Amino acid sequence: MLVVASLTSIALFLTFFSIGAPRIVFNPHASSQADRLDYTKRRFQLQGILEIVLGVLLVIGLKATGSSLLAIVNEVAALSLLVLASLTGWRLRQMRAATRVYGPWLALALACLLELVFRLAA
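Residues numbered from 1 in each chain as written. Predicted model: local features only at pLDDT ≥ 70, side-chain atom pairs only at ≥ 80, totals over all residues. Heavy atoms only, no water.

(A) Region of interest: the overall build of the chain. Counting its regular elements, the chain contains five helices and zero strands. Helices (α) and strands (β) of the chain occur, in sequence order from the N terminus, as α-α-α-α-α. Taking 14 Å as the expected radius of gyration for a compact globule of 122 residues, we find that the chain reaches 15 Å, a close match to that expectation. Projected onto the principal axes, the alpha-carbon positions of the chain cover approximately 40 × 25 × 15 Å. Across the 122 residues that make up the chain, the buried fraction comes to 38%. Taking the contacts inside the chain whose residues are at least 6 apart along the sequence as the reference set, 68% of them involve residues at least 24 apart. Accessible surface, the chain: about 7000 Å² in total, of which carbon and sulfur atoms supply 69%. (Helix = DSSP H or I, 4+ residues; strand = E, 2+ residues; numbered from the N terminus. Rg over C-alpha atoms; globule rule 2.2 N^0.38 Å. Buried < 20%, exposed > 50% of the residue type's maximum accessible area, 1.4 Å probe, protein only. Contact = heavy atoms within 4.5 Å. Areas by Shrake-Rupley, 256 points an atom, 1.4 Å probe, with all protein chains shown as cover.)

In structure tokens form, the structure reads like this:
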């Protein structure tokens, strides 16, 4: 279980880092995404920073087990990313976006949930 949780943590880190970095730079594509979500530039960049920081915290606690501080950091980061991905998917769904737009966010939320379950089961 711990191996699956670790691999999921690494995949989530890479995913959220690759999502968050363009948000911070705020290129034209990111600007159109922010418009789609009806976010300000600052809020969009803040979400990108949050995604990167939480992804790093997820990787920091990879080897931790039990109730050590690093294990708790990993679990809190996974739960925070679960909430962030769920809210983004829900927001896109409320704005009547196509399934191909909000579906990946809900899949990321599911991956965060699975990482958390596998981590707690280990």
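Let us keep going from here.
(B) Quick look at the side chain of glutamine 47. Relative to the elements of secondary structure, glutamine 47 occurs in helix H3 (residues 41-60). Judged by its relative accessible area of 7%, glutamine 47 is buried. If near-sequence neighbours (up to four positions away) are discounted, glutamine 47 is found in contact with Arg23, Tyr39, Leu84 and Thr88.

(C) Highlighting the pattern of salt bridges. What the rule picks out here adds up to two salt bridges. Residues arginine 23 and glutamate 51 are paired through a salt bridge, measuring 3.7 Å at the closest nitrogen-oxygen approach. Of this pair, arginine 23 sits in helix H1 (residues 2-25) while glutamate 51 sits in helix H3, and the two are 28 residues apart along the sequence. Note on arginine 23: relative accessible area 4%, which makes it buried. A relative accessible area of 0% places glutamate 51 in the buried class. A salt bridge links glutamate 115 to arginine 119, with the shortest nitrogen-to-oxygen separation between them at 3.6 Å. Of this pair, glutamate 115 and arginine 119 both sit in helix H5 (residues 99-121), four residues apart, which is roughly one turn of that helix. There is no split in this pair, since glutamate 115 and arginine 119 are both buried. (Salt bridge = Lys/Arg side-chain N within 4 Å of Asp/Glu carboxyl O.)

(D) Seen up close, the packing of helix H4 (residues 69-94) against H5. One way to put it is that H4 packs onto H5 with a least axis distance of 8 Å and a crossing angle of 160°. Taken together, the axes of H4 and H5 are roughly antiparallel relative to one another. Taken as a pair, H4 and H5 cross one another with a handedness that is left-handed. Residues Asn74, Glu75, Ala78, Leu79, Leu81, Leu82, Ala85, Ser86, Thr88, Gly89, Leu92 and Arg93 of H4 lie in contact with H5, whose contacting residues are Val101, Tyr102, Trp105, Leu106, Leu108, Ala109, Cys112, Leu113, Glu115, Leu116, Arg119 and Leu120. Of the residues in the contact of H4 with H5, the class split is 16 nonpolar, four polar and four charged. (Axes fitted to C-alpha atoms, helices over the stretch in contact; angles between N-to-C directions. Parallel < 35°, antiparallel > 145°, perpendicular 65-115°, else oblique. Left-handed = near helix turned anticlockwise from the far one by under 90°. Nonpolar A, V, L, I, M, F, W, Y, C, P; charged D, E, K, R; others polar.)

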